[in-house]
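Breakdown of the fold
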Amino acid sequence: MSMIEFHNVQKYYGDFHALHDINLTIDAGETVVLIGPSGSGKSTLIRTVNGLERIQEGQLIVNGQDLANRKTDMNRIRKNVGMVFQHFNLYANKTILENIMLAPRLVLKRPEEENKKIAMDMLDRVGLADQAPKMPAQLSGGQQQRIAIARSLAMRPKALLFDEPTSALDPEMIDDVLNVMKDIARDSSMTMLVVTHEMGFAREVANRVVFMADGHILEDDTKEKFFDGQPSNERARQFLSKIITH
Amino acid sequence: MIAIFHNYGGLLLQGFGQTLLCSIIALLFSLIIGSMFAIFEVTPVKSLRVIARVYIEVFRNIPLLVITMFFYVVIPMFVTKISGFAAGTVGLTIYTSAFIAETVRSGIQSVDPGQMEGARANGLSWWQAMRHIVLPQAFRYVIPPLGNQFINLVKNSSVLAFVAGFDLMYQGNVIASDSLNTMTTYVVIGILYLIITLPLSYWMRYLEKKLA
């Protein structure tokens, strides 16, 4: 069953054509890694999936609802589709525990006791249960990003979007975050769309690799074909050789 | 100076009370109305943004005295009789709320947009995100400029003197012309204003430190 379907999606910023005739289907439980040079539209694409960016043409079906339809309730989509950002975006005025409990309380009306139990379970899952009473600013970037993942997981989403989750982190923090993400990816029920340049992550847990440039999807391969064979697209081959040698 | 207090104690006390009462009412309501228009200014709803823009630009750019006179003179002509105190307090509230709206809006806009985006992506509605995440952070930023607005508000309450609001300034004028001791009278009036504004300014500074 497909979780996310793009059909001939177009997105413009004024005259700028940010997404060019996007066709992409992601099945439930799949992990898809989205790569491409900066300005290629990969962040724009991932942000359309939970309605942070609106599309102008085409059809975008997420969890059975069409996001091109103005009447679609975005909050209902976002209950089922979590997002992790490059800069974490933890609530600066709330403790770690409150960061995780707030949305389930307000949006899902989850009872307080159950809410706290789930929040602590999620903190445990990302290895940070002892940080619960702290404020976000007291944590390192890598810890904050793991909290952000726990916050998304606490909503019990069907899909998770990751927009360059390790790009703002110090190198020694990256593995902690990637390990948490790999752990989620191995859970066969979670659909993941990940914008990243961490090819080790892609090699290990991705089902497919999608390459974008200038707002087009140029390559959509299985992991095996992308890494072991050769991408058929010339730009994708060049890009791959650059990030692998680095 | 003691003679002024001795001979005109009742008038001074009444003036002080009226000024304090007007300031408290205007402060409370201008904070509520100002915050409301600040939120209107940043909503995704265009009509609310337009309403807020018009309100703020109109009342921020007309002298307080003109707004107050409007309520004191024009409203009774068409609607209902209104006391000088009421006209002055309403005028002061509306005038100050326009400045508070601008102050709070700048606070909201200085909160990292990632906070709103993170909250929306987490499933919160725009209003939930505003109320639980953005506004608490915005108010923390704007305590110092809000303190300035509050102090200005107390001082601007002297507009009541023009519409027979029986406030400190009004009683000061009465006492000065009765006692003919102009200098001492206005020194006393100044001190009485300080008794309101200095604690207010220290309280705002305390809040700023406590919440920072």
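This one's a predicted model, so the numbers in the text were calculated from it and none came from an experiment.

1. Examining the overall build of chain A
Within chain A one finds nine helices and 10 strands. Whereas a compact globule of 246 residues would reach a radius of gyration of roughly 18 Å, chain A reaches 18 Å, a difference of no more than 12%. Counting only C-alpha atoms and orienting by the principal axes, one finds that chain A spans roughly 50 × 45 × 35 Å. Taken across its 246 residues, chain A has 46% of its residues classed as buried.

2. What about the interface of chain A and chain B?
Chain A puts 18 residues into the contact, and the matching count from chain B is 15 residues. Within the residue set of the side of chain A that touches chain B, elements represented by two or more residues are helix 2 (74–80) and helix 3 (96–106) of chain A. For the side of chain A that touches chain B, the class distribution of residues is 10 nonpolar, five polar and three charged.

3. Focus on the sheet that holds strand 9 (residues 208–213) of chain A
Residues and elements named next belong to chain A. Across the sheet, six strands lie side by side as 6-7-8-3-9-10; this open sheet has mixed pairing. Strands with a single pairing partner mark the edges of an open sheet, and in this sheet they are strand 6 (81–84) and strand 10 (216–222). For this sheet, the mean inter-axis angle between neighbouring strands, taken without regard to orientation, is 15°. Sheet contacts for helix 5 (residues 141–153): strand 6 and strand 7 (159–163); angle to strand 6, the most-contacted strand, approximately 175°.

4. Focus on the pairing of strand 10 of chain A
Residue and element names in this part refer to chain A. Alignment of strand 9 against strand 10, held across six bridges, turns out to be antiparallel. Across the sheet, methionine 212 pairs through a bridge with isoleucine 217, a residue of strand 10. Where strand 9 folds back on strand 10, the antiparallel hairpin that results is connected by two residues, among which aspartate 214 adopts a positive phi of roughly 50°.

5. Focus on the sheet that holds strand 2 (residues 16–27) of chain A
Residues and elements named next belong to chain A. Here four strands make up an open sheet; going across it, the order is 2-1-4-5 and the pairing antiparallel. Two strands bound the open sheet, and with one partner strand each, they are strand 2 and strand 5 (65–66). Note: strand 1 (residues 2–13) against strand 2, eight bridges, orientation antiparallel. Along strand 2, the bridge assignment pairs lysine 11 with leucine 19. Contacts from helix 1 (residues 42–49) reach strand 1, strand 2 and strand 4 (57–62) within the one sheet, and its direction differs from that of strand 2 by about 60°.

6. Topic: the UniProt feature "domain: ABC transmembrane type-1" (unreviewed entry) in chain B
As annotated in UniProt, the feature "domain: ABC transmembrane type-1" (unreviewed entry) corresponds to residues 16–204 of chain B in the numbering used here. Helix makes up 84% of residues 16–204 of chain B and strand makes up 0%, while its end C-alpha atoms are separated by 21 Å.

7. Some thoughts on the UniProt feature "transmembrane region" (unreviewed entry) in chain B
Residue and element names in this part refer to chain B. In this structure's numbering, the residues bearing the UniProt feature "transmembrane region" (unreviewed entry) are residues 16–40, 61–79 and 183–203. Taken end to end, residues 61–79 is 79% helix and 0% strand, and its first and last C-alpha atoms sit 25 Å apart. Secondary structure content for residues 183–203 is 100% helix and 0% strand, while the C-alpha to C-alpha distance between its ends is 30 Å.

8. Some details on the environment of phenylalanine 88 of chain A
Residue and element names in this part refer to chain A. Assignment of secondary structure puts phenylalanine 88 in the loop between strand 6 and helix 3. C-alpha of phenylalanine 88 to C-alpha of isoleucine 149: the two residues are 61 residues apart in sequence and 8.7 Å apart in space. Here phenylalanine 88 is in contact with Gln144, Gln145 and Ala148, once residues within four sequence places are set aside.

9. A short note on the nonpolar core
Across soluble globular proteins, nonpolar side chains show a tendency to be buried alongside one another. Leu34, Ala150, Leu161 and Leu193 of chain A are the most contacted members of the largest nonpolar core, which totals 124 residues. Looking at which element gives the most residues to this core, the answer is helix 4 (residues 84–110) of chain B, with 11 residues. For leucine 34 of chain A, the residues in contact, after removing those within four places along its chain, are Lys42, Leu45, Ile46, Leu193, Val194, Val195, Val210 and Met212 of chain A.

10. Describing helix 6 (residues 171–186) of chain A
All names here are of chain A. With 16 residues, helix 6 extends 23 Å from end C-alpha to end C-alpha; this agrees with the ideal 22 Å at 1.5 Å per step. Residues of helix 6 that are buried include every one of Val177, Leu178, Val180, Met181 and Ala185, and no others. Around the axis of helix 6, the buried residues are gathered within 160° of arc, so they sit on the same side. In this structure, helix 6 carries Glu172 and Arg186 as exposed residues pointing more than 90 degrees from its buried face.

11. What to know about helix 7 (residues 168–179) of chain B
All names here are of chain B. Between its first and last C-alpha atoms helix 7 spans 16 Å; for 12 residues at 1.5 Å apiece the expected length is 16 Å, and the two agree. All of the buried residues along helix 7 are Leu168, Met169, Tyr170, Gln171, Gly172 and Ile175. The first or second residue beyond helix 7 is leucine 180, which carries a positive phi of 65°.

12. Focus: the packing of helix 6 (residues 126–156) of chain B against helix 8 (residues 182–211) of chain B
Residues and elements named next belong to chain B. Their axes nearest at 9 Å, the elements helix 6 and helix 8 cross at an angle of 175°. By the criterion of interaxial angle, the relationship of helix 6 to helix 8 is roughly antiparallel. Listed contacts from helix 8 to Arg140, Ile143, Pro144, Gly147, Phe150, Ile151, Val154 and Lys155 of helix 6 are Tyr193, Ile196, Thr197, Leu200, Ser201, Met204, Leu207, Glu208 and Leu211. Looking at the contact of helix 6 with helix 8, its residues break down into 11 nonpolar, three polar and three charged.

13. Remarks on unusual backbone geometry
Positive phi values are uncommon outside glycine, yet phenylalanine 88 of chain A reaches one of about 65°. Positive phi, normally seen in glycine, also occurs at alanine 164 of chain B, with a value near 55°. On the secondary structure map, alanine 164 of chain B appears in the loop between helix 6 and helix 7. Classification of alanine 164 of chain B as partly exposed rests on a count of 14 C-beta atoms within 10 Å.

What counts, and where the lines are drawn
- Residues numbered from 1 in each chain as written.
- Chains lettered and ligands numbered in written order.
- Predicted model: local features only at pLDDT ≥ 70, side-chain atom pairs only at ≥ 80, totals over all residues.
- Helix = DSSP H or I, 4+ residues; strand = E, 2+ residues; numbered from the N terminus.
- Rg over C-alpha atoms; globule rule 2.2 N^0.38 Å.
- Buried ≥ 20, exposed ≤ 12 C-beta atoms within 10 Å, placed from the backbone.
- Contact = placed C-beta atoms within 7 Å.
- Nonpolar A, V, L, I, M, F, W, Y, C, P; charged D, E, K, R; others polar.
- Pairing = 2+ DSSP bridges.
- Axes fitted to C-alpha atoms, helices over the stretch in contact; angles between N-to-C directions.
- UniProt positions renumbered as here; feature names shortened; annotations may be inferred.
- Core = buried A, V, L, I, M, F, W, Y, C linked by C-beta atoms within 7 Å.
- Expected span 1.5 Å × (residues − 1).
- Arc of directions from axis to C-beta.
- Parallel < 35°, antiparallel > 145°, perpendicular 65-115°, else oblique.

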